[in-house]
Amino acid sequence: MQKIFDEVSSLDKKCYDKFSLSEDLLMEHAALALKCEVNNKIKSYNSTILIVCGVGNNGADGLALARLLQDEYLNIIVYTPFEVKSKMAKLQLERLKLLGVNTTNSLRKVFDIDCVVDSLFGSGLNKPLKKEAIDILEKINSIEAYKIACDIPSGVDNNGEIKNSAFKADVTVTMGALKTSLLTDGAKEFTGIIKKANLGLSSSCYENQTDMYLLEQKDLKLPFRDNINTHKGNYGHACVVIGCKKGAGVIASSAAFSFGAGLVTAIVHEELQLPYYIMQSHNLPSNVTAIALGMGLGLYDKNELKKILNTNVAKVIDADLFYEKLLLDYLNQEIVLTPHPKEFCSLLKLTKLADIDIDTLQSNRFKYVKLFCKKYPKVTLLLKGANVIISQNNKVYVNCLGTSALSKGGSGDVLSGLIVALLAQGYSFLQSAINASLAHTLAAKNFKSNNYALNPEDLIEGIKNL
Ligand SMILES: NC(=O)C1=CN([C@@H]2O[C@H](COP(=O)(O)OP(=O)(O)OC[C@H]3O[C@@H](n4cnc5c(N)ncnc54)[C@H](O)[C@@H]3O)[C@@H](O)[C@H]2O)[C@@H](O)CC1
Ligand SMILES: [K+]
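Residues numbered from 1 in each chain as written. Chains lettered and ligands numbered in written order. Predicted model: local features only at pLDDT ≥ 70, side-chain atom pairs only at ≥ 80, totals over all residues. Heavy atoms only, no water.

The protein chain appears in an unreviewed UniProt entry as Bifunctional NAD(P)H-hydrate repair enzyme from Malaciobacter halophilus. According to UniProt, the comment filed for the protein chain under the heading Subunit (unreviewed entry) is "Homotetramer." (UniProt positions renumbered as here; feature names shortened; annotations may be inferred.)

Spelled out as structure tokens, the structure:
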């Protein structure tokens, strides 16, 4: 798990005030981290590196990089389209001049470039881009080369929003600590792989306390069976309520069985053709330990719903239930909710927290997740998206490991099945949501066939083999 911060200027300030590091020293480390990234990828001396430098300290990072790369590559183009403004950018430019390095303010030749470093705008981007900047970004985006963003892809603002254009990076070397702005669904299209640069201090000294964390592959804890002398009753009894769209519940049931639940029962109105290992019943069995409810539910008798919701076992709620007022009666208890953005908008409206459209939510995912979890601190909320956000009370966890292969009907049903399996086995609400989400995304990431082809069975098969 890595810490995430909304802003890092206070952390930079701590470096100056508490540890007596200078801005110049931090910048030198930033440039060194960029140099490492270039060197790791570009091995041939006969290469051309284009460094695009803006007017502020992000540009200054690029200018310092140009100095560090001298003599390492045949051709280093230092492109400064605008007159530099910040004190550090002026100093870095002066240092380059003293070395006899020329810069250019026009970029004609955009072929035969092996690597582009984007140091146009960083955390100081505070207004929409003008045409001139948009044209530059479009021009450098069109170059076929390895693309490195310094700190944050230019055009992505501090809320992680992209107003008109942004640099499309293969890798973003972010300075000091991970920022929320890099982890929005919108930014995911532009950041590429995110790497964190050390600015001269270990993370434990540079970073402060936070309630936000980025989940990593190594955080995954699978429900391995450590004891030998066990029986099915030791692993819980998961029940999945089958609604009108029966496939959803069937997928969830299969996923639950494959993720370790000792028994899985589908709660049905009529006998269905199900895998032989999934039991069927009209009522909840007396030994139920967790329930999944909502997927493919459609129209369902309210009294039956209430009866299921009133059963005192762990529950994961999905899909159609986010449009049901009835759910409001259960938000002050421990429960896992797994809405996608449209369903979360409905939930926000039902709870009278906000009446917003999907675009507004997507631009402010963290804000609305925090708002909801503040009002309902017992709920474990998992907001689906390109980057999944999982939150309980004031803690927020982000899972960036998902891929577009998961953008399919049935993926969410698998996730609910995984969560109910862990709940049934006695894992906590938060651990169930986190580990199910990690398993879900990692299985998709490991999928070897084309990324448009993943189906729920492939996903379940992948989860079995993590
Ligand atoms: N403070 C520190 O100690 C460190 C800062 N570092 C770098 O400094 C960067 C932040 O530097 P700055 O605060 O100078 O900010 P930026 O370099 O991101 O840019 C700020 C400048 O761009 C202008 N600007 C903002 N939006 C614009 C727009 N849409 N169109 C045209 N001009 C616009 C501003 O007026 C300002 O002059 C970080 O992203 C990071 O790369 C690193 O060197 C690490 C250490
Ligand atoms: K940048």
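There is more to say, and it comes next.
Asker: How should the packing of aromatic side chains be read in this particular structure?
Answerer: The way to describe two aromatic rings as a pair is by their centre distance and the angle between their planes. Overall, the coordinates contain five aromatic pairs when judged by the stated rule. Judged by centre distance (5.0 Å) and plane angle (45°), the rings of F372 and Y376 are tilted. Overall, F372 belongs to the buried group, its relative accessible area being 0%. Through a chain of ring-to-ring contacts, the aromatic side chains of F257, Y276 and Y277 assemble into a single cluster. Between the NZ or CZ atom of K41 and the centre of the ring of Y146, over which it lies, the distance is 5.0 Å. We note R225 situated over the ring of Y235; from NZ or CZ to the ring centre the distance is 3.6 Å. (Phe/Tyr/Trp six-rings, centres within 6.5 Å; stacked < 30°, edge-to-face > 60°. Buried < 20%, exposed > 50% of the residue type's maximum accessible area, 1.4 Å probe, protein only. Lys NZ or Arg CZ within 6 Å of the ring centre and 35° of its normal.)

Asker: Any chance you could explain the coordination of the potassium ion (ligand 2) here in plain terms?
Answerer: Ideal geometry at a metal centre gives angles of 109.5 degrees when four donors are arranged tetrahedrally and 90 or 180 degrees when six donors are arranged octahedrally. The coordination sphere of the potassium ion (ligand 2), as far as protein atoms go, consists of N58 (OD1), D118 (O), D118 (OD), F121 (O), C150 (O), I152 (O) and S154 (OG), spread over 2.7 to 3.1 Å. Going along the chain, you hit the donors of the potassium ion (ligand 2) in the pattern N-x59-D-x2-F-x28-C-x1-I-x1-S. You can see D118 sitting in strand β4 (residues 115-119) and its partner S154 sitting in the loop between β5 (146-150) and β6 (171-175), a full 36 residues away along the chain. (Donors = N, O, S within 2.8 Å, 3.2 Å for Na, K, Ca; no water. Helix = DSSP H or I, 4+ residues; strand = E, 2+ residues; numbered from the N terminus.)

Asker: Would you take a moment to explain the side chain of S165 for this structure?
Answerer: Its place among the elements puts S165 in the loop between β5 and β6. Accessibility expressed as a relative area gives 8% for S165, which makes it buried. Excluding residues that lie within four positions of it along the chain, S165 makes contacts with L129, I134, L137, E138, S154 and G155. (Contact = heavy atoms within 4.5 Å.)

Asker: Looking at this structure, I do not really get the site of ligand 1. What am I missing?
Answerer: Residues in close proximity to ligand 1 total 23 residues, the closest being Y16, D61, G122, K127 and D151. Interatomic distance of 3.3 Å between a side-chain N/O atom of D12 and a nitrogen atom of ligand 1. Between ligand 1 and the protein, one listed contact pairs an oxygen atom with a backbone N or O atom of N58 at 2.8 Å. Protein chains shield 82% of the accessible area of ligand 1, which is 880 Å² for the free molecule. At the level of secondary structure, the elements contributing two or more residues to the shell around ligand 1 comprise α1 (9-17), α2 (23-41) and α3 (57-69). Its residues assigned to classes, the shell around ligand 1 shows eleven nonpolar, seven polar and five charged. (Near = heavy atom within 4 Å. Polar contact = N/O pair within 3.5 Å; in protein donor to acceptor, adjacent residues only side chain to side chain. Areas by Shrake-Rupley, 256 points an atom, 1.4 Å probe, with all protein chains shown as cover. Nonpolar A, V, L, I, M, F, W, Y, C, P; charged D, E, K, R; others polar.)

Asker: Where do I start with the nonpolar core in this structure?
Answerer: If you look at soluble globular proteins, the nonpolar side chains tend to sit buried side by side. If you look at the biggest cluster of nonpolar residues, it comprises 55 residues, and the most contacted ones within it are I390, I419, V420, L423 and L459. Counting residues per element, this core draws most heavily on helix α14 (residues 429-446), at ten residues. Leaving out residues up to four positions away in the same chain, V420 has contacts with A238, C239, V240, A256, A290, I291, A292 and V316. Among the nonpolar cores identified, the runner-up in size contains 51 residues, and Y330, A354, L361 and F372 belong to it. (Core = buried A, V, L, I, M, F, W, Y, C linked by side-chain atoms within 4.5 Å.)

Asker: Can you help me understand α1 in this one?
Answerer: Quick reminder: α-helices carry 3.6 residues per turn. Residues three or four places apart thus point the same way. Taken together, the buried positions of α1 are occupied by L11, D12, K14 and C15. Looking straight down α1, one finds that the buried residues subtend no more than 155° of arc, so they occupy a single side. Turned more than 90 degrees off the buried face of α1, the exposed positions are S9 and D17. Packed against the buried residues of α1 are β1 (2-5), α2 and α7 (203-206). (Arc of directions from axis to C-beta.)

Asker: I'm lost on the packing of helix α8 (residues 246-258) against helix α15 (residues 456-464) in this one. Help?
Answerer: Working note: a packed helix pair is described by the angle between its axes plus the distance between those axes. Two elements in contact, α8 and α15, have axes whose closest approach is 10 Å; the angle formed by their N-to-C orientations is 10°. With respect to α15, the element α8 is oriented roughly parallel. Of the residues in α15, those in contact with I251, S254, A255 and S258 of α8 are P456, I460 and K464. Taken together, the residues of the contact of α8 with α15 sort by class into four nonpolar, two polar and one charged. (Axes fitted to C-alpha atoms, helices over the stretch in contact; angles between N-to-C directions. Parallel < 35°, antiparallel > 145°, perpendicular 65-115°, else oblique.)

Asker: It is not clear to me how the sheet that holds strand β12 (residues 279-281) should be interpreted in this structure. Could you clarify?
Answerer: Pairing between sheet strands relies on hydrogen bonds along the backbone, with the strands arranged either parallel or antiparallel. The strand order across the open sheet formed by twelve strands is β7-β1-β9-β18-β17-β16-β15-β14-β13-β10-β11-β12, and the pairing between neighbours is mixed. Two strands in the sheet have a free side with no partner beyond their single neighbour: β7 (178-179) and β12. α8 contacts β10 (237-241) and β11 (263-267) of the sheet and is inclined by roughly 170° relative to β11. Packed onto the sheet, helix α9 (residues 302-310) meets β10, β13 (290-293) and β14 (314-317) and runs at close to 145° relative to β13. (Pairing = 2+ DSSP bridges.)

Asker: Just to check I follow, could you spell out the pattern of salt bridges for this structure?
Answerer: Two side chains that carry opposite charge are able to pair once their charged atoms sit near each other. As enumerated under the stated definition, the model contains 18 salt bridges in all. When the shortest N-O distance is used, the salt bridge between K13 and D17 registers 2.6 Å. One end of the pair, K13, and the other, D17, are both in helix α1, four residues apart, so they sit about a helical turn from each other. The salt bridge partner of K195 is E37, with a shortest N-O separation of 3.0 Å. Placement of K195 in strand β8 (residues 193-197) and of E37 in helix α2 is noted, with a sequence separation of 158 residues between them. On the basis of relative accessible area, E37 is assigned to the buried category, the value being 5%. (Salt bridge = Lys/Arg side-chain N within 4 Å of Asp/Glu carboxyl O.)

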